[in-house]
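# Structure assessment
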Amino acid sequence: MEDLKKFISKYWGAMVGGVIALILACTGIYRLIVGIVLVFIGAWAGNYFQHNKDKVKKTLKKYIDKM
């Protein structure tokens, strides 16, 4: 019984995370979460490109010239 308590106290976070992941996978909510993450990545990329326009242009030109 003591070993079970040690195991549960040591891996409590992993078990809770696994249960939450299982619930998300079974309900299909993960699609919504992936969509929200992609929106945030797109917003971050747009903001980066806007503020580093010259650097992005130079980098893209360098890659295109290599082709």
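Residues numbered from 1 in each chain as written. Predicted model: local features only at pLDDT ≥ 70, side-chain atom pairs only at ≥ 80, totals over all residues. Heavy atoms only, no water.

### What to know about the packing of helix 2 (residues 12–27) against helix 3 (residues 29–51)
Here is the rule we go by: Axis lines are fitted to C-alpha atoms, over the contacting stretch for helices. Their N-to-C directions set the angle, which ranges from 0 to 180 degrees. Numbering of helices and strands runs from the N terminus; a helix is a DSSP stretch of H or I covering at least four residues, while a strand is a stretch of E covering at least two. Working rule for angles: under 35 degrees goes down as roughly parallel, over 145 as roughly antiparallel, 65 to 115 as roughly perpendicular, anything else as oblique. Residue contacts follow a heavy-atom distance rule, with two residues in contact if any of their heavy atoms lie within 4.5 Å. Classification convention: Asp, Glu, Lys, Arg as charged; Ala, Val, Leu, Ile, Met, Phe, Trp, Tyr, Cys, Pro as nonpolar; all other residues, Gly among them, as polar.
Contact pair helix 2 / helix 3: the axes reach a minimum separation of 5 Å and the direction vectors enclose 100 degrees. On the basis of the axis angle, helix 2 is roughly perpendicular to helix 3. Contacts between helix 2 and helix 3 involve Leu24, Ala25 and Thr27 from the first element and Ile29, Tyr30 and Ile33 from the second. Taken together, the residues that form the contact of helix 2 with helix 3 break down as five nonpolar, one polar and no charged.

### Comments concerning the confidence of the model for the protein chain
Short version of the rule: Every residue carries a pLDDT, the predictor's confidence in it, which falls somewhere between 0 and 100.
When pLDDT is averaged along the protein chain, the result is 89, and 100% of the positions lie at 70 or above. The spread of mean pLDDT over the elements of the protein chain runs between helix 1 (residues 2–10), the lowest at 86, and helix 3, the highest at 91.

### Things to note about the environment of lysine 58
Relative to the assigned elements, lysine 58 resides in helix 4 (residues 53–66). Counting along the chain gives 21 residues from lysine 58 to valine 37, while the straight-line C-alpha distance between them is 28 Å.

### Focus on helix 2
The condition that has to hold: In this analysis, the expected span of each helix is defined as 1.5 Å times one less than the number of residues it contains.
Spanning 16 residues, helix 2 covers 23 Å between terminal C-alpha atoms, matching the ideal 22 Å at 1.5 Å per step. Just downstream of helix 2, glycine 28 is the residue with a positive phi angle, here 85 degrees.

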